[in-house]
Each structure stands twice: as C-alpha cells, then as structure tokens.
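Residue strings, one per chain:
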Amino acid sequence: AWIEKAMIIGGVIVVVAWIRPATTMADEREAILGVLQSYLTALYARDYATAYQWISSADQQRKSLAHYERDNKPFKGASLALAQRLAQEMVVRETVVERQGDHATVQTTLSLPDGNAEDVSRLLLAPGGFEGAPRQELEERMAKLEALIASGQLPRLEVEDSWTLVRDSSGWRIRLEAETP
C-alpha cells in the first residue's frame with residue numbers, strides 16, 4: 001500500500017515538474033510581449049519619456065532621457081494626448097519569440113493607425129504645432145478621432161519588424177544598441 005502511495009506521489013511530482021517549465025515559458029513569453037507592447041505604444045505616441053523606461057539599462061547608460069528626447073522630438077500637450085489614444089488602436093500580430101537565456105528576439109507584424117494619413121494628421125497636429133490647443137479644441141479633436149475609430153474608417157498600416165530584448169535587473173527591456181564584444 002505504501003509503495004502505491006509513493007508511486008502516486010512520485011507521478012504527481014513528475015507531472016508538476018513537467019508542467020511548471022511550460023508555464024514558466026508561457027509567463028516569460030507574456031512578460032516579453034507585454035514589455036514590447038508597452039514600448040511600442042509609447043513609441044507610436046511619441047511619448048519618449050515613457051518609452052525610455054522600457055529600454056535596457058545598458059542603453060540608458062549610453063543615452064540620457066534628455067538626449068533620447070532631443071533625438072526623437074516628442075509630442076506634447078494636445079498632440080500627445082491624441083497620439084496616446086491613437087496608440088491604443090495598435091495591434092501586435094503574428095509574433096514569433098525566440099529566447100536564449102537573457103536575450104530574446106521578437107518578430108512581429110504590427111497593424112497600426114496611419115498617423116500620416118490626412119484625416120489623422122489633421123487631428124494630431126494643432127495648426128500652431130505639436131502642443132498648442134485650448135481644452136475645447138482638444139475635446140473636439142478627440143471626439144473626431146473617436147468617431148473615426150468607431151466608424152471603422154481609421155487608415156491603417158501593416159508593418160513587419162524585429163525587436164531585441166534583454167533581461168536585466170529591471171526585467172525584460174528593449175535593446176536599442178547592438179552589444180559590442
């Protein structure tokens with residue numbers, strides 16, 4: 001009787017040990033894709049202060065936030081608010097995650113709003129530039145953007161890209177610069 005119990009317990013341990021790595025791999029994949037989605041959403045919205053939080057510590061050591069923003073010209077004010085809403089419409093599809101230790105490569109197809117399409121860019125960019133828009137104008141532009149999204153007429157682009165991520169002390173992060181040996 002005790003042999004049967006020992007065999008059952010041993011069988012349960014083997015099953016649990018076999019399931020756990022699969023769960024861990026699925027969790028790691030979700031963590032990698034979550035970081036990529038957060039980074040791409042911030043990047044699309046030209047919210048570079050938020051995007052910067054998702055890049056690797058090695059890249060952050062090479063380039064300060066001020067330098068990163070200066071190189072990339074972030075949206076501010078009304079344009080940032082509108083672009084952040086538009087970024088929520090981005091869809092990451094067809095992901096292939098290849099992971100080796102603390103490095104991962106993700107190949108994706110992105111379906112994203114075409115911010116350069118006339119109807120969209122007219123809403124994103126205030127007549128005076130990226131920032132300026134009184135609250136009422138922002139509300140009107142946001143309402144027009146919501147109507148465009150709801151109508152299903154939002155112009156879209158399909159883009160294929162590949163991203164490298166590394167796991168550092170903060171977890172999975174986007175790797176911008178190639179590592180030098």
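Residues numbered from 1 in each chain as written. Predicted model: local features only at pLDDT ≥ 70, side-chain atom pairs only at ≥ 80, totals over all residues. Heavy atoms only, no water.

Colleague: So what exactly am I meant to see when it comes to the pairing of strand β3 (residues 156-168) here?
Modeller: Along any regular strand the residues' side chains alternate between the sheet's two faces. Across eleven bridges, strand β2 (residues 103-113) lies against β3 in antiparallel orientation. Bridged to S111 within β3 is E158. Pairing geometry for β3 and strand β4 (residues 171-174), over four bridges, is antiparallel. For V166, the partnering residue across the bridge sits in β4 and is R173. Between the end of β3 and the start of β4, which pair antiparallel, lie two residues. (Pairing = 2+ DSSP bridges. Helix = DSSP H or I, 4+ residues; strand = E, 2+ residues; numbered from the N terminus.)

Colleague: Explain the side chain of T108 here, please?
Modeller: Relative to the helices and strands, T108 resides in strand β2. Excluding its chain neighbours within four sequence positions, the residues that come into contact with T108 are L36, V92, R93, E94, T95, V159, E160, D161 and W163. (Contact = heavy atoms within 4.5 Å.)

Colleague: Please clarify how unusual backbone geometry should be interpreted in this entry.
Modeller: Across the chain, the bulk of peptide bonds are trans and the bulk of non-glycine residues have phi less than zero. Residues other than glycine seldom take positive phi values, yet K73 does so here, at roughly 50 degrees. Mapped onto the elements of the fold, K73 is located in the loop between α4 (65-72) and α5 (77-87). Phi at E94 is positive, roughly 45 degrees, even though this residue is not glycine. Checked against the element boundaries, E94 lands in strand β1 (residues 91-100).

Colleague: What exactly am I supposed to notice about the nonpolar core here?
Modeller: Across soluble globular proteins, you tend to see nonpolar side chains buried next to one another. If you look at the biggest cluster of nonpolar residues, it comprises 37 residues, and the most contacted ones within it are Y39, L40, L86, V120, L165 and I174. Contributions of two or more residues to this core are made by α1 (2-44), α2 (48-53), α5, β2, α6 (118-124), α7 (135-151), β3 and β4. Top element by residues in this core is α1. It accounts for eight residues. Look past the residues within four positions of L86 in its chain and what remains in contact with it is Y44, P113, V120, L124, L145 and L154. (Core = buried A, V, L, I, M, F, W, Y, C linked by side-chain atoms within 4.5 Å. Buried < 20%, exposed > 50% of the residue type's maximum accessible area, 1.4 Å probe, protein only.)

Colleague: So what exactly am I meant to see when it comes to the sheet that holds β1 here?
Modeller: Two orientations exist for strands paired in a sheet by backbone hydrogen bonds: parallel and antiparallel. Here we have four strands laid out as an open sheet, ordered β1-β2-β3-β4, and antiparallel in their pairing. Two strands lie at the open edges of the sheet, namely β1 and β4, each paired on one side alone. Averaged over neighbouring strand pairs, the angle between their axes works out to 25 degrees when direction is ignored. (Axes fitted to C-alpha atoms, helices over the stretch in contact; angles between N-to-C directions.)

Colleague: Honestly, the pattern of salt bridges in this entry has me stumped. Any pointers?
Modeller: Pairing between side chains of opposite charge can happen when their charged atoms approach one another. Scanning all chains against the criterion turns up ten salt bridges. A salt bridge links D71 to K63; the shortest N-O distance between them is 2.8 Å. Of the charged contacts, one joins D102 and R167 as a salt bridge, the two residues approaching to 2.9 Å between their closest N and O atoms. In this pair, D102 is assigned in the loop between β1 and β2 and R167 in strand β3, connecting sequence segments 65 residues apart. (Salt bridge = Lys/Arg side-chain N within 4 Å of Asp/Glu carboxyl O.)

Colleague: Would you mind showing me how to read α7 here?
Modeller: The periodicity of an α-helix, 3.6 residues per turn, causes residues three or four places apart in sequence to face the same way. Taking 1.5 Å per residue as the helical rise, α7 with its 17 residues ought to reach 24 Å, and the 24 Å between its terminal C-alpha atoms agrees with that figure. In this structure, the buried side of α7 is in contact with α5 and α6. In the segment just after α7, G152 is the residue with positive phi, at about 80 degrees. (Expected span 1.5 Å × (residues − 1).)

Colleague: What should I look at first to understand the side chain of D47 in this one?
Modeller: Looking at where D47 falls in the secondary structure, it is placed in the loop between α1 and α2. One buried charged residue, D47, remains without a salt bridge, the closest side chain of opposite sign being K76 at 10 Å. In this view, D47 contacts A42, L80 and Q84; residues no more than four positions away in its chain are not counted. (Lys, Arg positive; Asp, Glu negative; His and termini not counted.)

Colleague: What am I meant to see in the packing of aromatic side chains here?
Modeller: The geometry of an aromatic ring pair is captured by the separation of the ring centres together with the interplanar angle, meaning the angle of the planes. Going through the model one piece at a time under the given rule, you end up with three aromatic pairs. Look at Y39 and W163: their rings are 5.9 Å apart centre to centre, the planes differ by 75 degrees, and that puts the pair in the edge-to-face class. Of this pair, Y39 sits in helix α1 while W163 sits in strand β3, and the two are 124 residues apart along the sequence. Comparing Y39 with W163, the two get one shared label, buried. Seen in terms of ring centroids, Y48 and Y68 are 5.9 Å apart; in terms of plane orientation they differ by 90 degrees. Their pairing is edge-to-face. Of this pair, Y48 sits in helix α2 while Y68 sits in helix α4, and the two are 20 residues apart along the sequence. In this structure Y48 comes out as buried when scored by relative accessible area, which is 8%. In this structure an aromatic cluster arises from ring pairing among Y48, Y52 and Y68. A cation sits over an aromatic face here: R46 above F75, 4.4 Å from the ring centre. (Phe/Tyr/Trp six-rings, centres within 6.5 Å; stacked < 30°, edge-to-face > 60°. Lys NZ or Arg CZ within 6 Å of the ring centre and 35° of its normal.)

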